[in-house]
Amino acid sequence: MENEVKLTAGAMVTLGLATAALVVLPYIQVRDVPPPEGLKPYTSAELRGRAVYIANGCVYCHTQQPRDKSFGPDAERGWGRATVPGDYTYDRPHLLGSMRTGPDLMNIGVRQPSRDWHLGHLYQPRAYVPGSIMPAYPYLFDVKDKAEPGEEALKLPPGYVPPGKVVVATPDAQDLVKYLQALNRSYPVLPPEPREAAGAAAPAATPASAS
């Protein structure tokens with residue numbers, strides 16, 4: 001019985017220390033980080049597209065966290081600078097991801113700004129990236145005899161349009177593309193001013209103001 005109590009107590013202490021180190025302390029460190037000047041809140045359409053992104057499991061194959069050059073060649077791959085906490089100010093929940101079956105998407109809105117490309121790529125990835133293992137999402141589109149007024153027909157490469165038909169993007173597909181185009185963290189970010197330097201500057205200004 002005594003060993004069981006010790007084992008349980010040890011497990012609880014270990015869990016508490018791990019929670020403090022991995023959850024509590026990081027939260028305290030970044031909770032007051034302001035959003036960078038170049039970051040804009042998501043629009044209603046982009047938020048709906050983000051929900052489609054989550055519902056279709058895109059996070060299982062794509063990360064949204066380019067690494068520093070000391071950890072990997074993400075910048076050389078064209079994925080952008082390493083992200084900082086402020087880049088995720090408006091992300092609830094965060095979609096950092098842990099697998100890279102496909103490329104990182106944090107800056108896909110910069111690397112591929114074409115709306116037509118994104119819509120066609122969702123409908124049939126291999127029409128744009130030969131050998132791609134990304135699944136197609138045909139259920140995000142309607143195949144019709146002709147597009148109705150106000151509907152958006154895809155501009156697909158030759159051979160991928162069903163004969164005598166047109167492929168029309170549904171609202172979900174359009175919102176998803178708007179979200180992907182909003183993934184742009186290419187603005188510059190500056191490191192926060194060290195607290196020691198900020199604290200030292202205030203006392204130095206006092207004698208000057210008094211004189």
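What counts and what doesn't
Residues numbered from 1 in each chain as written. Predicted model: local features only at pLDDT ≥ 70, side-chain atom pairs only at ≥ 80, totals over all residues. Heavy atoms only, no water. Helix = DSSP H or I, 4+ residues; strand = E, 2+ residues; numbered from the N terminus. Buried < 20%, exposed > 50% of the residue type's maximum accessible area, 1.4 Å probe, protein only. Polar contact = N/O pair within 3.5 Å; in protein donor to acceptor, adjacent residues only side chain to side chain. Contact = heavy atoms within 4.5 Å. Core = buried A, V, L, I, M, F, W, Y, C linked by side-chain atoms within 4.5 Å. pLDDT = per-residue confidence, 0-100.

Caption draft 1: Quick look at the side chain of Asp74. Inspection of the secondary structure assignment puts Asp74 in the loop between α2 (44-55) and α3 (108-111). Looking at Asp74, the relative accessible area reads 0%, which means it is buried. Within the local environment of Asp74, its side chain forms a polar contact with the backbone nitrogen of Arg67, the two atoms lying 2.7 Å apart. Those residues in contact with Asp74, other than ones at most four positions away along the chain, are Gln65, Pro66, Arg67, Trp79, Gly80 and Arg100.

Caption draft 2: Up close: the nonpolar core. Tyr53, Phe141, Leu154 and Leu180 are the most contacted members of the largest nonpolar core, which totals 25 residues. Counting residues per element, this core draws most heavily on helix α5 (residues 171-182), at six residues. Excluding its chain neighbours within four sequence positions, the residues that come into contact with Leu154 are Leu119, Gly120, Tyr123, Phe141, Val167, Val168 and Ala169.

Caption draft 3: The arrangement of the confidence of the model for the protein in detail. Confidence along the protein averages 86 in pLDDT terms, with 83% of residues attaining 70 or more. When pLDDT is averaged over each helix and strand of the protein, the minimum, 51, is found for helix α6 (residues 195-210) and the maximum, 98, for α2. In the predicted structure, residues 205-211 sits below a pLDDT of 50 and forms zero contacts with residues beyond four places in sequence or in another chain.

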